[in-house]
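Letter by letter, the chains look like this.
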Amino acid sequence: MFRSQRVRSAFVAGVLVVSMLAGTGCQKSTDSKETTKSRSESLEQVDTSLESGSSEKQESSSEKPESTDLTSNESYGDEEFKQEALKLAQELGVKEDELHGQYGLFIKYIDCIDQNTEIGTLKDYVLHLFPVVADHLKPEDESYFFQNLSELRAEIGETQTPSAAEFYPGSNLVLINGNGENGESGASYSIMYHELMHFIDFSIGGDYRSNVYYTGTRFAHGEELTDKEWENCISVETDFITEGGADYYAGKYYRKTTEGYNTPASFLSGIEWIYGEETADRLFFSSDSTMEFILLLEDAGISDQKIVDILRTCNFETYGSNQLPEIPVRMEDVLVDLYESKKGSGWKEDKVFMQILNEIHAWTIEDYPFAREELKTLLLDYPAMEKMSQNVLSQIDQRTSQELIRFFKLILLDGKPYLAADLFTSYEFDRNEAISLIVEYDFDQEKVISYEYYVPDYPKWII
Ligand SMILES: [Zn+2]
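Since this is a predicted model, take the numbers as computed values, not measurements. (Residues numbered from 1 in each chain as written. Predicted model: local features only at pLDDT ≥ 70, side-chain atom pairs only at ≥ 80, totals over all residues.)

Section: the overall build of the protein
Quick note on the threshold: In this text, helices come from DSSP runs of H or I with a minimum length of four residues, and strands from runs of E with a minimum of two, each type numbered from the N-terminal end. Counting other C-beta atoms within 10 Å of a residue's C-beta gives its exposure: the residue is buried at 20 or more, exposed at 12 or fewer, and partly exposed in between, where C-beta atoms are placed from the backbone. Throughout, a residue-residue contact means that the two C-beta atoms, derived from backbone geometry, are no farther apart than 7 Å.
Of regular secondary structure, the protein possesses 17 helices and 11 strands. Evaluated residue by residue, the protein yields a buried proportion of 45% over its 463 residues. In the protein, of all internal contacts separated by at least 6 residues, the share reaching a separation of at least 24 is 62%.

This is how it looks when you write it as structure tokens:
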């Protein structure tokens, strides 16, 4: 179907462009300590703060330590900042609830954007990126983040892949495909926020980055390897967190749906459902996503070799171009392992969790064996998921002519599960048209409680 293909290609193709390291037989670089310089060449993300081992994130305004350039008797949230920030926000068309109480930070954010002479119409998007920044930027990472923000820009040009847009971390560039279907639309809005989530991913967690390798006996960052270990190590990556996370958080903040990198985004829903928001946030926003995920799997008692196979299978399910490992590990099995490790054996009765497994199962690229054979018969396939969506839709009174793009998927908003689906939008761009349908749902009774057609606050300029 033409419309479906159009939208799908637009979403799926939004990629992060980085040079990929060879999967095997790693070469020790002359500078094995990969720091800021090489970060643009690496998908792996390393944060020295990992040593603290803390999963706690300081997010609330009351806990946020002072910035170094504010005097000691001032802190974010003080009245003087508040008044100035609110005035600024009003002038710029930013709502008060987008500030998340981070008034001082907002003033600095706007000041930085104003100094960026290249930002152009991308500014309209970046202004509304602030809630993500307010929620996830730590004071110690501000200077690196603002340095990147001061260089952020968008261009229309020739993309390396046949994608709608690409993000280049090294140059903080959003490149929009000049041959693509550019123009004002709900899809363009979604693509831009997907790419800006890549910008956030590569700038919000600090400047130190390092690849992660498996030596045959341990996982380690490049600078920790011995000369001997360099000879036989393989690099490991988490593309599925990079792409799935960009989709996941663009969904949470801007679209209220996840629809693009389907399986990895659903997988992250599963992680959040099992472990909570902080863990999902840490996996994506940390600059050490790969090691964070490895530690999560190790904590669940999963063996090193299986971890390697899991990472490779998940990456395959993200791009479809990587090779599957000899023993692929189904994402559904991984989530059940993690569920049992963290929450116990009741996963089959957990309807929200089963919804997540169904989404992954319905969208998995290739059919390879389950570790738990019962999952094959237990889980719904694509037609069954469409049927489920029809059942949900039949309970909704105020139907519009807009059809669903695929089936309803789970989204966790402030920790609460909803069903949500992207909607086809008109060819003629309409700022009042909904882009998604969000359903408050009783998963146990399979009943719609309430619903909302979501109309975003579009920026002034869409492209
Ligand atoms: Zn992407």
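Some thoughts on the sheet that holds strand β9 (residues 416-423)
What links the strands of a sheet is backbone hydrogen bonding, and the strands pair in either a parallel or an antiparallel sense. Heads up, the rule is: Any two strands with at least two DSSP bridges between them are considered paired. Lines fitted to the C-alpha atoms define the axes, with helices restricted to the stretch that makes contact. Angles between their N-to-C directions range from 0 to 180 degrees.
What the 4 strands build is an open sheet, ordered β8-β9-β10-β11; its pairing is antiparallel. Pairing within the sheet leaves two strands with one partner each, and these edge strands are β8 (404-413) and β11 (447-454). Each strand of the sheet is rotated relative to its neighbour by a mean of 25°, with strand direction disregarded. Bridge count between strand β10 (residues 436-442) and β11: 7 bridges; the pairing is antiparallel.

Some thoughts on the sheet that holds strand β7 (residues 234-236)
Pairing is antiparallel in the open sheet, where 3 strands are placed in the order β6-β5-β7. One side of each edge strand has no neighbouring strand; the edge strands of this open sheet are β6 (219-221) and β7. Ignoring strand direction, the axes of neighbouring strands in this sheet form an average angle of 40°. In the sheet, strand β5 (residues 212-214) pairs with β6 via 3 bridges, with the strands oriented antiparallel. The residue bridging V212 from the neighbouring strand is H221, located in β6. Seen against the sheet, helix α12 (residues 289-299) touches β5, β6 and β7 and runs at an angle of roughly 45° to β5.

Describing the confidence of the model for the protein
Cut-off, in case you're wondering: As a per-residue measure, pLDDT reflects the predictor's confidence and takes values from 0 up to 100.
Of the residues in the protein, 83% reach a pLDDT of 70 or more, and the chain-wide mean stands at 84. Low pLDDT (under 50) marks residues 1-13, which in the prediction has 17 contacts with non-local residues, meaning those over four places away or in another chain.

So, the packing of helix α2 (residues 79-92) against helix α3 (residues 103-115)
The description of two packed helices rests on the angle between their axes and on the distance between the axes. Defined as follows: Should an angle fall under 35 degrees it is taken as roughly parallel, and over 145 as roughly antiparallel, whereas 65 to 115 is taken as roughly perpendicular and any remaining angle as oblique. Each crossing is labelled by how the near helix is turned from the far one, with a counterclockwise turn of less than a right angle marking it left-handed and a clockwise turn marking it right-handed. Side-chain classes are defined by residue name, with Ala, Val, Leu, Ile, Met, Phe, Trp, Tyr, Cys and Pro counting as nonpolar, Asp, Glu, Lys and Arg as charged, and the others, Gly among them, as polar.
Contact geometry for α2 and α3: axes closest at 8 Å, N-to-C directions at 45°. Compared by their axis directions, α2 and α3 come out oblique. For the crossing formed where α2 meets α3, the hand is left-handed. Where α2 approaches α3, its residues F81, K82, E84, A85, L88, A89 and L92 are matched on the opposing element by Y103, G104, F106, I107 and I110. Its residues assigned to classes, the contact of α2 with α3 shows 9 nonpolar, 1 polar and 2 charged.

Let's talk about the nonpolar core
To be explicit about the condition: We call a set of buried Ala, Val, Leu, Ile, Met, Phe, Trp, Tyr and Cys residues a nonpolar core when their C-beta atoms link them within 7 Å.
Counting residues in hydrophobic clusters, the biggest one holds 110 residues, and the most contacted among them are F106, L335, A420 and V439. It is helix α7 (residues 186-203) that provides the largest number of residues to this core, a total of 10 residues. Here L335 is in contact with F267, G270, I356 and L357, once residues within four sequence places are set aside.

So, the packing of helix α11 (residues 277-285) against α12
Running from N to C, α11 and α12 cross one another at 140°; their axes reach a closest spacing of 7 Å. Between α11 and α12, the crossing angle belongs to the class labelled oblique. Contacts between α11 and α12 involve R282, L283 and F284 from the first element and S289, E292 and F293 from the second. For the contact of α11 with α12, the residue count by class is 3 nonpolar, 1 polar and 2 charged.

Section: the environment of R312
Its location among the elements puts R312 in helix α13 (residues 304-319). Separated by 13 residues in the primary sequence, R312 and P325 have C-alpha atoms spaced 6.2 Å apart. Discounting chain neighbours no more than four positions away, the residues touching R312 are N322, L324 and P325.

Here we look at the environment of E158
Examined against the element boundaries, E158 turns out to sit in the loop between β2 (153-157) and β3 (165-168). Classification of E158 as exposed rests on a count of 8 C-beta atoms within 10 Å. With 18 residues separating them in the primary sequence, E158 and I176 have C-alpha atoms 7.7 Å apart.

Here's the deal with unusual backbone geometry
A positive phi is found at H100, a non-glycine position, where the angle reads about 50°. Positionally, H100 belongs in the loop between α2 and α3. According to the C-beta neighbour criterion, H100 is partly exposed, with 18 such atoms within 10 Å. One non-glycine residue, R406, adopts positive backbone phi at about 60°. Mapped onto the fold, R406 is located in strand β8.

A word on α11
Residues spaced three or four apart along an α-helix face the same direction, because each turn holds 3.6 residues. Those residues of α11 that sit buried are A280, R282, L283, F284 and F285. The secondary structure elements touched by the buried residues of α11 are α5 (130-136), α7, α9 (239-255), α10 (262-275) and α12.

What about the environment of G104?
Take G104: it is sitting in helix α3. Along the backbone, G104 and D78 are 26 residues apart, and their C-alpha atoms lie at a distance of 7.9 Å.

Re the pairing of strand β4 (residues 173-177)
Counting buried positions over the 5 residues of β4 gives 4, a clear majority of the element. In this sheet, β4 lies alongside β2 in parallel orientation, the contact comprising 5 bridges. Within β4, the residue paired with A154 across the bridge is V174. As defined by bridge partners, β3 adjoins β4 across 4 bridges and the pair is classed as antiparallel. Bridge assignment links A165 to a residue of β4, and that residue is I176. Connecting β3 to the next strand, β4, in antiparallel fashion are 4 residues, including N172 with a positive phi near 55°.

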